[in-house]
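Understanding the architecture of this molecule
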Amino acid sequence: MPTVHVKRAFKYRFYPTPEQAAELARTFGCVRKVYNLALAARTEAWARQERVNYNQTSAMLTAWKKTGELAYLNEVSSVPLQQALRHLQTAFSNFFAKRARYPRFKSRKTSRKCAEYTTSAFRFCDGRITLAKMAQALDIVWSRPLPEGAKPSTVTVSQDGAGRWFVSLLCEDPAVEPLPAADTAVGVDVGLDHLLTLSTGEKITNPRHERRDRARLAKAQRDLARKARGEGANRARARRKVARIHARIADRRRDLLHKLSTRLVRENQVVVIEDLSVRNMVKNGTLARAISDAAWRQFRTMLEYKAQWYGREVIAVDRFFPSSKLCSACGTLTRAMPLNVRTWTCETCGTAHDRDVNAAKNLKAAGLAASVCGAGVRPQRRTPGGQSATKQKPSRREP
């Protein structure tokens, strides 16, 4: 099979020196400032029914650097500032194409701290990366090797809320090869009691990562709430403690989803899932926390890009397909099935069903039928008002 050359980001932890940390902190602030200035300029032009493109904002950046008030922009590398303008251009392109909302201003407290360097702003030699305006290479913990012969085309440095520093290297990975074709397919029904239920009958327990640390998180949040608002050191330490707990939860969740999605893609030629509207489902105040912790959308994203890498297929069945109420043996549709009904017997053929396994079987059958007809995962169309052209799944319906 031919090798597929894909761009992959390899993320590593690193430990900056005090000088590097100060330089990166200045860069983060300048990136945020330039982004907000350009967004304000484009918003004002939008109010005048004018459009400002990337080239115009780049010229504005040159003018800003010559002013006394913004002369400090010259102290950091110009490449991350230009990349911020390119990211803003992408945000507006997505907005005009009705793929995203109008861009928002970056907050110093809540926005992600990151800076992107292209090849002209870093040096990669013998496994060491040195960024522009820095004399020393970054102290990176190489938890896994880069692909043989790979050279980063982009380096993104970031700091999360817990104070951890990360560097992400975008490389072309020639090692990704399509897997041999298989004759297996699986239907996947997501849930809360069980994270995944497969059409084979296998059930994967929901580890409920957030619940395991809920007591620690609640205590840390109470401690933070008692600290006086402002820039005090005590409040900053309390905020970092909360962020560390959130980071621990997110890391465990991401690790599990990566393992599950990789396994499903490697073992099956076709993976059938349900096209859920998670954004609407989390409006259910009773189940919002559990649904968010399950991270169904993140799981689907992983399935889709890994399937593209390895020559597999992911099919999303319409969210209104009655997978839980349809008998997978004879096709009889039950009129009503409350959420508390976990097992049921078909009145027509007498087959006893586990609710989730039956739903996974029906999803598999519907997905394979759609695959024969040429259907697959299709992007949601948007109306001129920005709403989805497809009706949304009710929030009280079983996930």
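Fair warning: this is a prediction, and the values are worked out from it, not measured in the lab.

Next up on the list: the overall build of the protein chain. Helix and strand content of the protein chain: ten helices and 14 strands. For the protein chain, the C-alpha atoms occupy an extent of roughly 80 × 55 × 50 Å along the three principal directions. Here the protein chain holds 399 residues, and the buried ones make up 43% of them. In the protein chain, the share of contacts with a sequence separation of at least 24, taken over all contacts with a separation of at least 6, comes to 72%. Within the structure as shown, the protein chain displays about 22,100 Å² of accessible surface, and the carbon and sulfur contribution to it stands at 51%. In the protein chain, which carries 73 positive and 35 negative side-chain charges, the distance between the mean positions of the two groups comes to 6 Å.

Here we take up the confidence of the model for the protein chain. Looking at the protein chain as a whole, the pLDDT averages 88, with 92% of positions reaching at least 70. Per-residue pLDDT stays below 50 along residues 375-399; that stretch engages in 63 contacts with residues further than four places along the chain or on separate chains.

This part is about the packing of aromatic side chains. Evaluated as defined, the whole model comprises eleven aromatic pairs. Each ring, one from F92 and one from F96, has its centre 6.0 Å from the other, and the planes form 35 degrees; the classification is tilted. On the criterion of helical spacing, the pair formed by F92 and F96 is a turn pair, its members being four residues apart in helix α3 (residues 78-96). Assessed through its relative accessible area of 27%, F96 is described here as partly exposed.

Structurally, a disulfide amounts to a covalent bond that connects the sulfur atoms of two cysteines. Taken as a whole, this structure holds zero disulfides when the rule is applied. In this model C30 remains outside any disulfide bridge; the closest cysteine sulfur is found in C114, 14 Å from its own.

With that settled, consider helix α2 (residues 54-65). The end-to-end C-alpha distance of α2 is 17 Å, a good match for the 16 Å that twelve residues give at a rise of 1.5 Å each. Those residues of α2 lying buried are Y54, T57, S58, L61, W64 and K65. What you see down the axis of α2 is that its buried residues fit within an arc of 115 degrees, all on one side. Opposite its buried face, α2 presents the exposed residues N55 and A59, each directed more than 90 degrees away. Considering only its buried residues, α2 is in contact with α1 (18-47) and α3. Where α2 begins, the capping side chain belongs to N53, and its oxygen is found 3.2 Å from the backbone nitrogen of N55.

Examined against the element boundaries, D173 turns out to sit in strand β7 (residues 165-173). By relative accessible area, D173 is classed as buried at 3%. Within polar-contact distance, the side chain of D173 engages the side chain of R8 at 3.0 Å.

Its 30 residues place the ends of α1 44 Å apart at the C-alpha level, agreeing with the 44 Å of an ideal helix rising 1.5 Å per residue. A positive backbone phi angle near 60 degrees is found at Q49, which sits one or two residues after α1.

Glancing now at the UniProt feature "domain: Cas12f1-like TNB" (unreviewed entry) in the protein chain. Those residues carrying the UniProt feature "domain: Cas12f1-like TNB" (unreviewed entry) are residues 296-363 in this numbering. Between the end C-alpha atoms of residues 296-363 there is a gap of 16 Å, over a span that is 35% helix and 16% strand.

This part takes up unusual backbone geometry. Despite not being glycine, Q49 has its phi angle at roughly 60 degrees, a positive value. Looking at where Q49 falls in the secondary structure, it is placed in the loop between α1 and α2. Phi at D126 takes a positive value of approximately 55 degrees, unusual for a residue other than glycine. Along the polypeptide, D126 turns up in the loop between β3 (122-125) and β4 (128-131).

So, about the packing of helix α5 (residues 214-226) against helix α6 (residues 233-267). At a minimum axis distance of 9 Å, the contact between α5 and α6 shows a crossing angle of 160 degrees. Taken together, the axes of α5 and α6 lie roughly antiparallel to each other. Our pair here, α5 against α6, has a crossing hand that is left-handed. Touching R216, L217, A220, Q221, D223 and L224 of α5 are R235, A238, R239, K241, V242, I245, H246 and R248, all from α6. Of the residues contributing to the contact of α5 with α6, the split by class is six nonpolar, two polar and six charged.

A separate point is the sheet that holds β7. The five strands are arranged β2-β6-β7-β1-β5 in an open sheet whose pairing can be described as antiparallel. The open sheet has two edge strands with one neighbour each: β2 (113-118) and β5 (140-141). By the bridge criterion, six bridges tie strand β6 (residues 154-159) to β7 in an arrangement that is antiparallel. In the strand pairing of β7, V157 is matched with V167.

What follows concerns the packing of α6 against helix α9 (residues 296-310). One can describe the packing of α6 onto α9 by two numbers: an axis separation of 9 Å at closest approach and a directional angle of 40 degrees. Overall, the two elements α6 and α9 adopt an arrangement that is oblique. Between α6 and α9 lies a crossing of right-handed hand. Residues R253, R254, L257, H258, L260, S261, T262, L264, V265 and R266 of α6 lie in contact with α9, whose contacting residues are Q298, F299, M302, L303, Y305, K306, A307 and Y310. Class assignment of the residues belonging to the contact of α6 with α9 gives a composition of ten nonpolar, four polar and four charged.

The rules we used
- Starting afresh in each chain, residues are numbered from 1 along the sequence in its written order.
- Local features in this predicted model are restricted to residues of pLDDT 70 or higher, and side-chain atom pairs are both shown and tallied only at a pLDDT of 80 or more, whereas totals for entire chains, interfaces and linings draw on every residue.
- Excluded from the side-chain calculation are hydrogens and water; included are all heavy atoms of the structure.
- Working definition: helices are DSSP H or I runs of at least four residues, strands are E runs of at least two. Numbering for both runs from the N terminus.
- Classification of residues uses two cut-offs on accessible area relative to the type maximum, computed with a 1.4 Å probe and protein chains only: under 20% is buried, over 50% is exposed, and between them is partly exposed.
- In this description, contact between two residues means that some pair of their heavy atoms is separated by no more than 4.5 Å.
- For the area figures, the Shrake-Rupley method with a 1.4 Å probe applies, and any residue is considered shielded solely by the protein chains shown.
- The positive count covers Lys and Arg only, the negative count covers Asp and Glu only, and His and the chain ends enter neither.
- To locate a charge, take atom NZ for lysine, CZ for arginine, CG for aspartate or CD for glutamate.
- The score called pLDDT rates the predictor's confidence residue by residue, from a low of 0 to a high of 100.
- Aromatic pairs are defined between Phe, Tyr and Trp rings, using the six-membered ring for Trp, whenever the two ring centres lie within 6.5 Å; interplanar angles under 30 degrees are classed as stacked, those over 60 as edge-to-face, and all others as tilted.
- We call a pair of cysteine sulfur atoms a disulfide when they lie within 2.5 Å.
- Any helix carries an expected span of 1.5 Å times its number of residues minus one.
- As used here, the arc belongs to the directions running from the helix axis to the C-beta atoms.
- Any pair of N or O atoms that falls within 3.5 Å is considered a polar contact. Within protein, one atom must be able to donate a hydrogen and the other to accept it, and sequence-neighbouring residues count only if both atoms are side-chain atoms.
- UniProt positions are given in the numbering used here, feature names are shortened, and annotations may be inferred rather than shown by experiment.
- What counts as an axis is a line fitted to C-alpha atoms, over the stretch in contact for a helix, and the angles between N-to-C directions run from 0 to 180 degrees.
- Here the word oblique covers every angle except those under 35 degrees (roughly parallel), over 145 (roughly antiparallel) and from 65 to 115 (roughly perpendicular).
- By the definition used in this description, the sense in which the near helix is turned from the far one sets the handedness, with an anticlockwise turn below a right angle giving left-handed and a clockwise turn giving right-handed.
- In this count, Pro and Cys sit with the nonpolar residues alongside Ala, Val, Leu, Ile, Met, Phe, Trp and Tyr, while Asp, Glu, Lys and Arg are called charged and the others, Gly among them, polar.
- Following DSSP output, two strands are said to pair if at least two bridges run between them.

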